[in-house]
Amino acid sequence: MSLMTGFAILVGEAVIGFWKKVHAINFGVYGSTMVGKTTLSHQLRTRGEVPQINQRTVGLHRATRKNVKIDGDSHTIKSADIGGEAIYWKEWVKDMQKRRVKYIIFMIDHRHLDTEANLDHQVAWKFLVDTIVSDFWPTGRKKRDSDYPMAIGIWANKYDIWGEKYPLEEGETIDKHKIFEPFKYGMRQLNDKGIPCFKYIVSAKSDPEMVYRGVMTMIKDY
Ligand SMILES: Nc1nc2c(ncn2[C@@H]2O[C@H](COP(=O)(O)OP(=O)(O)OP(=O)(O)O)[C@@H](O)[C@H]2O)c(=O)[nH]1
Ligand SMILES: [Mg+2]
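As the structure is a computational prediction, the values presented were derived from the model and not from experiment.

Positive phi, normally seen in glycine, also occurs at Met34, with a value near 75°. Its place among the elements puts Met34 in the loop between strand E1 (24-30) and helix H2 (37-46).

Encoded structure:
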């Protein structure tokens, strides 16, 4: 390698590194109340054990930048913390539309396994999927190609709890776990629309590694 080529590569890498730092990738984090969205937001900023969050998020908080670094690779992402109670779902849609969110994390926990009658996640999921697959925004504007997300991840949070409570059956892989069962139909609808959808498990409160890996996987694989 000549000195010039070496120099050019170094400069190229510096430029890419700089671009990755300033260019933030828009993430949308949605899901029912109490699933751990605010906890995730803290985890992305602080790395480590996040204190117990006792307050419900009200409305939409301004989107902030977070640097995600793992295995020597680094990206800047931007996400907003929004409440998960049904009255705030319209804010999810505004967030998606305004920031042209590229990746969506839909968070769930194990409440539907604890109580079969609890449909919190299913109802929120149906709302989200219907909004995404629709050709129009609720404002009536027709969507452009760039208005659709590149990928959706269903993140089953609080793995520290449900992993012990509902262990995998013999020979079962994590993506076959029954926690994801009710979301199959929506995943198929998204796939039919050309939007890949994948399952992931995390403990947003206590496992930064799982969180960073999840974010990186979305950016790299989709
Ligand atoms: N055990 C465990 N608890 C968690 C985890 N993530 C979040 N929690 C707890 O779940 C509760 C709700 O977390 P939040 O982050 O406030 O949930 P949220 O989705 O922001 O809720 P809303 O603001 O109402 O939409 C808190 O008591 C958290 O400490 C986790 O990975 N493991
Ligand atoms: Mg919150």
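This next bit is on the sheet that holds E1. Judged by pairing direction, the sheet is mixed, and its six strands sit side by side in the order E2-E3-E1-E4-E5-E6 without closing on themselves. Because the sheet does not close on itself, it has two edges, and the strands there are strand E2 (64-70) and strand E6 (197-201). Direction aside, neighbouring strands of the sheet carry axes that sit 30° apart on average. Bridge analysis of strand E4 (residues 103-108) against strand E5 (residues 151-156) gives six bridges, and the strand direction is parallel. Pairing of Ile108 across the sheet is with Ala156, part of E5. Sheet strands in contact with helix H8 (residues 208-221) are E1, E2, strand E3 (73-79), E4, E5 and E6, and its direction is about 95° off that of E2.

Counting 43 residues, the largest nonpolar core has Phe106, Met107 and Trp155 as the members making the most contacts within it. Top contributing element to this core by residue count: E4, with six residues. Each residue touching Trp155, except ones within four places of it in the same chain, is listed here: Ile105, Phe106, Met107, Tyr200, Val202 and Gly214.

This part takes up the site of ligand 1. Residues in close proximity to ligand 1 total 21 residues, the closest being Thr33, Gly36, Thr38, Thr57 and Gly84. Those elements that place two or more of their residues in the shell around ligand 1 are H2 and helix H6 (159-165). A total of three residues in the shell around ligand 1 trace back to one element, the largest contributor, which is H2. Across the shell around ligand 1, the residue classes break down as five nonpolar, 10 polar and six charged.

Let us look at the environment of Arg56. Within the secondary structure, Arg56 sits in the loop between H2 and E2. Exposure remark for Arg56: the 12 C-beta atoms within 10 Å place this residue in the exposed category. Apart from the residues within four sequence positions on either side, Arg56 is in contact with Thr33, Gly83 and Glu85.

It is worth spelling out the pairing of E3 at this point. Across three bridges, the pairing between E1 and E3 is parallel. By the bridge assignment, Asn26 is partnered in E3 with Lys78. Bridging between E2 and E3 involves seven bridges; their strand directions are antiparallel. Residue pairing for E3: Thr64 is matched across the bridge by Ser79.

Looking now at the environment of Trp155. Topologically, Trp155 is positioned in strand E5. Remark: the alpha-carbon pair of Trp155 and Met107, spanning 48 residues in sequence, is separated by 4.8 Å.

Listed as buried for helix H3 (residues 89-99) are Trp92, Asp95 and Met96. Summarising the axial view, the buried residues of H3 lie within an arc of 95°, below the 170-degree limit, and thus occupy one face. Buried positions along H3 lie against E1. Just downstream of H3 lies Arg100, where phi reads positive at about 50°.

All right, on to the pairing of E5 then. Counting buried residues in E5 gives five out of six residues, a clear majority hidden from the surface. Bridge count between E5 and E6: five bridges; the pairing is parallel. Pairing of Ile154 across the sheet is with Lys199, part of E6.

Calculation rules
Residues numbered from 1 in each chain as written. Chains lettered and ligands numbered in written order. Predicted model: local features only at pLDDT ≥ 70, side-chain atom pairs only at ≥ 80, totals over all residues. Helix = DSSP H or I, 4+ residues; strand = E, 2+ residues; numbered from the N terminus. Pairing = 2+ DSSP bridges. Axes fitted to C-alpha atoms, helices over the stretch in contact; angles between N-to-C directions. Contact = placed C-beta atoms within 7 Å. Core = buried A, V, L, I, M, F, W, Y, C linked by C-beta atoms within 7 Å. Buried ≥ 20, exposed ≤ 12 C-beta atoms within 10 Å, placed from the backbone. Near = placed C-beta within 6 Å. Nonpolar A, V, L, I, M, F, W, Y, C, P; charged D, E, K, R; others polar. Arc of directions from axis to C-beta.

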